[in-house]
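# Structural characterization, general
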Amino acid sequence: MADNPHRESSDDRSSEGAAGSVVGYLLAGIVVWGFLGWLAGEFLGLPTGIGIAVGMMLGAAGAIYLIMKRLSA
């Protein structure tokens, strides 16, 4: 049982989990903050797309910060 050649190493699973987390953080940050930017743009009467663009940039920056913080630990 200990010499199972089909068994994956723990490093393979942890790298897959980290990659999934990175993609999840980026997508969630961009989508959620883009939506909040759209809401702010509608509420403040900004020109079309300005609120969405600012929100998406803030979301991406926040996601990158969280990714760096999580992976450095």
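Now for a quick tour of the structure. (Residues numbered from 1 in each chain as written. Predicted model: local features only at pLDDT ≥ 70, side-chain atom pairs only at ≥ 80, totals over all residues. Heavy atoms only, no water.)

### What about the overall build of the protein chain?
Assigned secondary structure in the protein chain consists of 2 helices and 0 strands. The proportion of buried residues among the 73 residues of the protein chain is 15%. By element, 69% of the accessible surface of the protein chain is carried by carbon and sulfur atoms, the whole surface being about 5,800 Å². (Helix = DSSP H or I, 4+ residues; strand = E, 2+ residues; numbered from the N terminus. Buried < 20%, exposed > 50% of the residue type's maximum accessible area, 1.4 Å probe, protein only. Areas by Shrake-Rupley, 256 points an atom, 1.4 Å probe, with all protein chains shown as cover.)

### Focus on the environment of A60
With respect to the helices and strands, the residue A60 is situated in helix α2 (residues 50-72). Residue A60 is classed as buried on the basis of its relative accessible area, which comes to 18%. Ignoring sequence-local partners within four residues, the contact set of A60 consists of L26 and I30. (Contact = heavy atoms within 4.5 Å.)

### Remarks on α2
Under the 1.5 Å per step criterion, the end-to-end length of α2 is 33 Å for 23 residues, consistent within 8% with the ideal 33 Å. Of the residues making up α2, those classed as buried are G51, G55, G59, A60, A63 and I67. (Expected span 1.5 Å × (residues − 1).)

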